[in-house]
Amino acid sequence: MNETLMNIMARRSIRRYTEEPVCESTMKLVLAAACAAPSAKGERPVRFVVLDKKRMGSLAEKVQQKDPFREGQWAIAVLADLRGYDSGLAWIEDGAAAMENMQIACKSLGLGSLWYGVYRRAAKEAAVREFLQLPDGVEVLGITVMGYAAERKEAYSGVDESKVRYGIWSE
């Protein structure tokens, strides 16, 4: 199996991080991977807000799932500026592609990461919107939290055939 596929298979949600710092240049490589994600019709509505350790600590005080933000080294919020955007919900796919690119980039750089979903999650969205001071017309999809993993999880090993249908849906 090649290195890219190994990183995809080994990427798991990490919620506990060591205190080892992640340098800014490494975070920017992850951000570059997010910026390389495809965008429907090339409209590129996705925007990013980078949070350093201090800002993450402040966010931890506003959300229920505190530990990843207290322990992680960087976080990157994935947003979409929908002001003047006319492609419906395609921004969700654009944002998801950016999030997934970051998750895989983190793994390839030896980091753990968490996809912290925000969009349409009542317990999270209002607090995150307020914290990031988002104007009307800007949506938040989620936040990638990153750092060196303080927990280990097994890689996925292949296709779970119970989840696959061929040709048509069947029960």
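The following paragraphs examine the structure supplied in this document. All values reported here derive from a predicted model rather than from experimental measurement.

### Considerations on the overall build of the chain
- Within the chain, the regular secondary structure consists of 6 helices and 4 strands.
- Counting helices and strands in the order they occur from the N terminus, the chain gives α-α-β-α-α-β-α-β-α-β.
- Its C-alpha atoms give the chain a radius of gyration of 17 Å, within 12% of the compact-globule value 16 Å for 171 residues.
- Dimensions along the principal axes, computed over C-alpha positions, put the chain at roughly 45 × 45 × 30 Å.
- Expressed as a percentage of its 171 residues, the buried residues of the chain come to 44%.
- Partitioning the contacts of the chain with sequence separation of at least 6, the portion at a separation of at least 24 is 77%.
- Side chains of the chain carry 24 positive and 23 negative charges; the gap between the two charge centres is 3 Å.

### Considerations on the pairing of strand β4 (residues 138–147)
- Extensive coverage of β4 is indicated by the burial of 9 of its 10 residues.
- Sheet topology places strand β2 (residues 74–81) next to β4; 8 bridges connect them, and they run antiparallel. Pairing of D81 across the sheet is with V138, part of β4.
- As paired strands, strand β3 (residues 112–117) and β4 are joined by 6 bridges and run antiparallel to one another. Within β4, the residue paired with Y116 across the bridge is I143.

### Remarks on the environment of P45
- Its location among the elements puts P45 in the loop between α2 (24–35) and β1 (46–51).
- Placed 11 residues apart in sequence, P45 and A34 show a C-alpha to C-alpha distance of 13 Å.
- Not counting the four nearest positions on each side in its chain, P45 is found in contact with S39, L79, A80, D81, Y85, W91 and D94.

### Notes on the pattern of salt bridges
- If you walk through the whole model with that rule in mind, you get 6 salt bridges.
- In this structure, E61 and R70 form a salt bridge, with 3.5 Å as the shortest nitrogen-oxygen distance.
- R83 is the partner of D81 in a salt bridge, and the nearest nitrogen-oxygen pair spans 2.9 Å.
- In the salt-bridge network here, residues are joined through shared partners; they are R16, D67 and E71.

The rules we used
- Residues numbered from 1 in each chain as written.
- Predicted model: local features only at pLDDT ≥ 70, side-chain atom pairs only at ≥ 80, totals over all residues.
- Heavy atoms only, no water.
- Helix = DSSP H or I, 4+ residues; strand = E, 2+ residues; numbered from the N terminus.
- Rg over C-alpha atoms; globule rule 2.2 N^0.38 Å.
- Buried < 20%, exposed > 50% of the residue type's maximum accessible area, 1.4 Å probe, protein only.
- Contact = heavy atoms within 4.5 Å.
- Lys, Arg positive; Asp, Glu negative; His and termini not counted.
- Charge placed at Lys NZ, Arg CZ, Asp CG, Glu CD.
- Pairing = 2+ DSSP bridges.
- Salt bridge = Lys/Arg side-chain N within 4 Å of Asp/Glu carboxyl O.

Functional significance is not addressed by these values, which are geometric in nature.
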